[in-house]
Amino acid sequence: MIKRISFVRRKPGMSREEFLAHWMGPHADIVRNLPGLRGLRFGVVTRWQPEDAAWDGVGEIWFDSVAAAEAAFRAEPHISRLIEDRKLFLGDAQWCFVEEHVAVAPPA
């Protein structure tokens, strides 16, 4: 299984509360419908160092493979909906694919 991690920052002028409500609400509804999605998690940033480089959140989504994730992000109507939705709340984003190697499992 592969995980895509996204660092997200809200649009200038948007409050943190508005951003989080949209990101974990309407945006999540779109993401939940991506074909092949195996998991979705939101991490709300409470503190970042250095502060001037802060992201507002860290999103995690799981797929069976990079190829499955890439196919999901090409699939219509999902990609068109994501592109339009991102314009409403997203100021900046960066993402990467990672393969997890667990040293100590987090609590359930």
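Anything mentioned here points back to the structure above.
Residues numbered from 1 in each chain as written. Predicted model: local features only at pLDDT ≥ 70, side-chain atom pairs only at ≥ 80, totals over all residues. Heavy atoms only, no water.

Within a pair of aromatic rings, the relevant descriptors are the distance that separates the centres and the angle that separates the planes. As enumerated under the stated definition, the model contains seven aromatic pairs in all. Arranged with centres 4.8 Å apart and planes meeting at 80 degrees, the rings of W23 and F42 form a pair that is edge-to-face. Residue W23 is located in helix α1 (residues 16-32), and its partner F42 is located in strand β2 (residues 39-44); the two are separated by 19 residues in the primary sequence. By relative accessible area, which is 4% here, W23 ends up buried. Judged by its relative accessible area of 23%, F42 is partly exposed. Residues W95 and F97 carry aromatic rings whose centres are separated by 5.3 Å and whose planes lie at 75 degrees to one another, so their mutual orientation is edge-to-face. Looking at W95, the relative accessible area reads 47%, which means it is partly exposed. By the ring-pair criterion, three or more aromatic residues cluster together here, those being F19, W23, F42 and F89. Between R4 and the ring centre of F73, over which it is positioned, the NZ or CZ distance is 4.3 Å. (Phe/Tyr/Trp six-rings, centres within 6.5 Å; stacked < 30°, edge-to-face > 60°. Helix = DSSP H or I, 4+ residues; strand = E, 2+ residues; numbered from the N terminus. Buried < 20%, exposed > 50% of the residue type's maximum accessible area, 1.4 Å probe, protein only. Lys NZ or Arg CZ within 6 Å of the ring centre and 35° of its normal.)

Excluding glycine, residues mostly have negative phi values, and the peptide bonds linking residues are mostly trans. Residue P50 is reached from Q49 by a cis peptide bond, and omega for that bond is -5 degrees. Along the polypeptide, P50 turns up in the loop between β2 and β3 (57-63). Residue E76 is joined to P77 through a cis peptide bond whose omega torsion reads 5 degrees.

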